[in-house]
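# Coordinates in review
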Amino acid sequence: MEDIVRAHHVLREVIVRTPLQRDAVLSAKYNCNVYLKREDLQVVRSFKIRGAYNMIRNLTPAEMEKGIVCASAGNHAQGVAFSCNALGIHGKIFMPSTTPNQKVKQVRRFGGNNVEVVLIGDTYDDAYAEAMRACDEQGMTFIHPFDSPKIIAGNGTVAMEIMESLDENADYVFVTIGGGGLAAGVGTYMKTVSPETQIIGVEPLGAASMSEAMFRKQVVTLDDIDKFVDGAAVKRVGDLTYDICSNILDDIVKVPEGKACTTILELYNENAIVVEPAGSLAVAALEQYREQIAGKTVVCVISGGNNDIDRMQEIKERSLIYEGLKYYFMVNFPQRAGALREFLEEVLGPNDDIARFEYTKKHDKENGPALVGIELMYKEDYQPLIERMNRKGIAYTELNKNLNLFNMLI
């Protein structure tokens, strides 16, 4: 608590006190009072500035003189870059080569001439390994994205602002988990001043490293993760954050990546809020807690809004597939004229739409297998479509149910 209070005073120099807004749409949808802590409106459009600046600001003059190093998928890098520029110290930032270009540009913009960006590897863990090598060789200080007391204390100021803004204590607080730094900080403060508040951590289903650590009762490294929710796709949570979260979290919810995409679109269309995949997780988790939160006061921490517009088509695609509105088939059309026309007239329903069509053969395109993407208006239209294909005797493979073929062709 003392560290969080001290961090609160330090951060007054640079951060924006982000609003805590009651969301009428979500409140009506879930029959409760839903408040959004808008860290997407932070100076670097995520909460990461809080931990980064607090840690760097507390370095010794000698450490500042040598400079700092960090590894990040984007948001932590922006917080570190902004801090380096504000404090006039040199920073070397290692980022996975898969980081969205929008985030890389933001890091360079916030850091200016004080920051050098190095793109390397496919995951955070790859970038981390290179960053540690640079620390050893050049004597620079490593600024960890989540597993450090000063980082966690800075993140805890989010909860401090939440409590100062609410007229009554929250019944539930939903908070994103990547490496665990935000959940550890927010949970520590909330459980101290409001022990009855339920702290619900939220992870992407494809990178649920904290859930796995809780299950095994020790920190583990996942072999493979889905990197789509890049701000929370971490193979291994921190040792310190695990110790803290295992004591203060009441539950962890795992959100499918497709559900996160649906939530991104809904927040944009219904609330005019732009969030990144990791920033959508807290809101996406509400569906799994619909019954428990009815009539309660609920806070969702929107952790960040650094979304790349180039990803929106993929986000829409993932959402449609998750919601059961888009399917891909490999269809082997009969070796006769008119087969394609019959498919359009007799198999497709009145509200079905072909979103993609391409023959897999380079010659004799009137016949042979074709990749067909079909978009439905209602998910209930799926079974009638399958029944018409079966009744017509069409040979097909449903790619949505074949992960290897789906990843290869789609």
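Worth saying up front: this structure is predicted, and the values here are computed from it rather than measured.

### Here's the deal with the overall build of the protein
The secondary structure content of the protein amounts to 18 helices and 14 strands. Taking the principal axes of the C-alpha coordinates as reference, the protein spans close to 80 × 55 × 40 Å. Buried residues in the protein amount to 56% of all 410 residues. Partitioning the intrachain contacts of the protein with sequence separation of at least 6 by distance along the chain shows that 74% fall at a separation of at least 24. Carbon and sulfur atoms provide 47% of the accessible area of the protein, an area that totals close to 17800 Å². Both charge centroids of the protein, one from 44 positive and one from 56 negative side chains, sit 2 Å from each other.

### Remarks on the layout of surface pockets
Space left empty within the atom packing is revealed by a probe, the size of a water molecule, rolled over the atoms. Each pocket or cavity is described by its volume, and for the largest pocket that value is around 600 Å³. What lines the largest pocket is a set of 18 residues, and nearest its centre among them are Arg 318, Ile 321, Leu 403, Phe 406 and Asn 407. Looking at the lining of the largest pocket, the element that brings in the most residues is helix H15 (residues 312-322), giving five residues. Each of domain 1 (1-47 + 150-312) and domain 3 (324-409) accounts for three or more of the residues forming the lining of the largest pocket.

### Regarding the pattern of salt bridges
Within this structure, the stated rule accounts for 22 salt bridges. The closest approach of N and O atoms between Glu 346 and Lys 392, which form a salt bridge, is 2.6 Å. You can see Glu 346 sitting in helix H16 (residues 339-347) and its partner Lys 392 sitting in helix H17 (residues 382-392), a full 46 residues away along the chain. A relative accessible area of 43% means that Glu 346 is categorised as partly exposed. The partner of Glu 398 in a salt bridge is Lys 401, with the nearest N and O atoms 3.8 Å apart.

### Comments concerning empty space enclosed by the protein
Under the counting rule described, the total for this entry stands at two cavities of 30 Å³ or more. Roughly 310 Å³ of internal volume is contained in the largest cavity. In this structure, the largest cavity is lined by 27 residues; those nearest its centre are Lys 48, Gly 178, Gly 179, Gly 231 and Ala 232. The biggest single contributor to the lining of the largest cavity is helix H9 (residues 181-193), with three residues. For the lining of the largest cavity, the class distribution of residues is 12 nonpolar, 12 polar and three charged. A domain split of the lining of the largest cavity shows at least three residues from each of domain 1 (1-47 + 150-312) and domain 2 (68-139). Lining the second largest cavity are Leu 26, Lys 29, Tyr 30, Lys 259, Thr 263, Glu 266, Leu 267, Glu 270, Asn 271, Val 283 and Ala 284. Counting residues per element, the lining of the second largest cavity draws most heavily on helix H12 (residues 257-271), which supplies six residues. Looking at the lining of the second largest cavity, its residues break down into five nonpolar, two polar and four charged.

### Observations regarding the packing of aromatic side chains
Counted according to the given criterion, the structure contains 11 aromatic pairs. Where Tyr 172 meets Tyr 289, the ring centres are 5.8 Å apart and the plane angle is 70°; that geometry is what we call edge-to-face. In this pair, Tyr 172 is assigned in strand S7 (residues 172-176) and Tyr 289 in the loop between helix H13 (277-284) and helix H14 (290-293), connecting sequence segments 117 residues apart. In this structure Tyr 172 comes out as buried when scored by relative accessible area, which is 12%. Ring plane angle 25° and centroid distance 4.4 Å describe the contact between Tyr 327 and Tyr 382, whose orientation is recorded as stacked. Linking Tyr 327 in strand S11 (residues 326-333) with Tyr 382 in helix H17, this pair joins segments that are 55 residues apart in sequence. Grouping residues by exposure puts Tyr 327 and Tyr 382 together as buried. Note that Arg 109 overlies the ring of Phe 110, its terminal NZ or CZ placed 4.5 Å from the centroid.

Quick notes on the rules
- Residues numbered from 1 in each chain as written.
- Predicted model: local features only at pLDDT ≥ 70, side-chain atom pairs only at ≥ 80, totals over all residues.
- Heavy atoms only, no water.
- Helix = DSSP H or I, 4+ residues; strand = E, 2+ residues; numbered from the N terminus.
- Buried < 20%, exposed > 50% of the residue type's maximum accessible area, 1.4 Å probe, protein only.
- Contact = heavy atoms within 4.5 Å.
- Areas by Shrake-Rupley, 256 points an atom, 1.4 Å probe, with all protein chains shown as cover.
- Lys, Arg positive; Asp, Glu negative; His and termini not counted.
- Charge placed at Lys NZ, Arg CZ, Asp CG, Glu CD.
- 1 Å grid on protein atoms, 1.4 Å probe; cavity = no way out; pocket = protein on both sides within 12 Å on 5 of 7 lines; lining within 4 Å.
- Points joined across faces, edges and corners; volume = space filled by probe spheres on them.
- Domains from an automatic or database assignment.
- Salt bridge = Lys/Arg side-chain N within 4 Å of Asp/Glu carboxyl O.
- Nonpolar A, V, L, I, M, F, W, Y, C, P; charged D, E, K, R; others polar.
- Phe/Tyr/Trp six-rings, centres within 6.5 Å; stacked < 30°, edge-to-face > 60°.
- Lys NZ or Arg CZ within 6 Å of the ring centre and 35° of its normal.

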